[in-house]
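Read off the chains here:
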Amino acid sequence: MQISLKDLLACEFFAAAKVLAGAKGLANLVTSVTVLDSPDAPNYLKGGEIVVTTAYSLLDDEQVQEKVIEQLAKPGA
């Protein structure tokens, strides 16, 4: 099943969500959900994932946070 990010964010569950960056990507299709629990998780993505995380493992390192976000964008997550 696929759903556009825009349609997914319109669901009640995401009612309080705000798009802070990447509004051009709202037409992207979400094909699955994955949980990011370690900084190397982006190495295992195929693309199309929506990523859910507490970012606990990245909490105190802003440089690692930026790197992980860049790595998530590469395959289209």
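The rules behind each value
- Numbering of residues starts from 1 in every chain and runs along the sequence as written.
- Local features are withheld for residues below a pLDDT of 70 in this predicted model, meaning they are given only at 70 or higher, and side-chain atom pairs are given and counted only at 80 or more; totals for whole chains, interfaces and linings count all residues.
- Hydrogens and water molecules were not included; the side-chain quantities draw on all heavy atoms of the structure.
- A run of H or I in DSSP counts as a helix once it spans at least four residues, and a run of E counts as a strand once it spans at least two, with each numbered from the N terminus.
- It is over C-alpha atoms that the radius of gyration is taken, and the globule rule equals 2.2 Å times the number of residues to the power 0.38.
- For every accessible area listed, the method is Shrake-Rupley and the probe measures 1.4 Å; residues are considered covered only by the protein chains on display.
- Under the convention used here, Asp and Glu are negative, Lys and Arg are positive, and both His and the chain ends fall outside the count.
- Where a charge sits is defined by one atom per residue type, namely NZ (Lys), CZ (Arg), CG (Asp) or CD (Glu).
- On a scale of 0 to 100, pLDDT captures the predictor's confidence in every residue.
- Each cavity reported here is a set of points on a 1 Å grid over the protein atoms alone in which a 1.4 Å probe fits but cannot get out, each pocket an open set with protein on both sides within 12 Å along at least five of seven lines, and each lining residue one with an atom within 4 Å of a point.
- Grid points are joined across faces, edges and corners, and a volume is the space filled by probe spheres set on the points.
- Polar here means any residue outside two lists: the nonpolar Ala, Val, Leu, Ile, Met, Phe, Trp, Tyr, Cys and Pro, and the charged Asp, Glu, Lys and Arg; Gly therefore counts as polar.
- In this scheme, patches are assembled from residues that exceed 30% relative accessible area and form no salt bridge. Like charges are connected within 9 Å, while nonpolar side chains (Val, Leu, Ile, Met, Phe, Trp, Tyr) are connected within 5 Å.
- A pairing counts as a salt bridge when a side-chain nitrogen of Lys or Arg comes within 4 Å of a carboxyl oxygen of Asp or Glu.

## Details of the overall build of the protein
- Tallying secondary structure elements over the protein gives two helices and four strands in all.
- Mapped from its N terminus to its C terminus, the protein presents α and β elements in the order β-α-β-β-β-α.
- Relative to its length of 77 residues, the protein is compact, with a C-alpha radius of gyration of 13 Å against a globular reference of 11 Å.
- Judged by the C-alpha coordinates and their principal axes, the protein covers about 30 × 25 × 20 Å.
- As displayed, the protein offers around 6100 Å² of accessible surface, 57% of which is attributable to carbon and sulfur atoms.
- Computed over 6 positive and 10 negative side-chain charges, the separation of the two mean positions in the protein equals 10 Å.

## So, the confidence of the model for the protein
- Put simply, the protein has an average pLDDT of 89, and 100% of its residues get 70 or more.
- Least confident of the elements in the protein is helix 2 (residues 62-73), whose mean pLDDT is 89; most confident is strand 1 (residues 3-4), at 95.

## Brief notes about the layout of surface pockets
- In this structure, the largest pocket encloses a volume near 1200 Å³.
- As for the largest pocket, its lining consists of 32 residues, of which Leu5, Ile50, Val51, Leu72 and Ala77 are closest to the centre.
- Sorting the residues of the lining of the largest pocket by element identifies helix 1 (5-9), strand 2 (29-30), strand 4 (49-52) and helix 2 as the ones contributing at least two each.
- When its residues are assigned to classes, the lining of the largest pocket shows 22 nonpolar, seven polar and three charged.

## Considering a nonpolar patch on the surface
- Residues Val33, Val35 and Val52 make up a contiguous nonpolar surface patch of about 290 Å² in total accessible area.
- Summarising the element assignment, Val52 is placed in strand 4.

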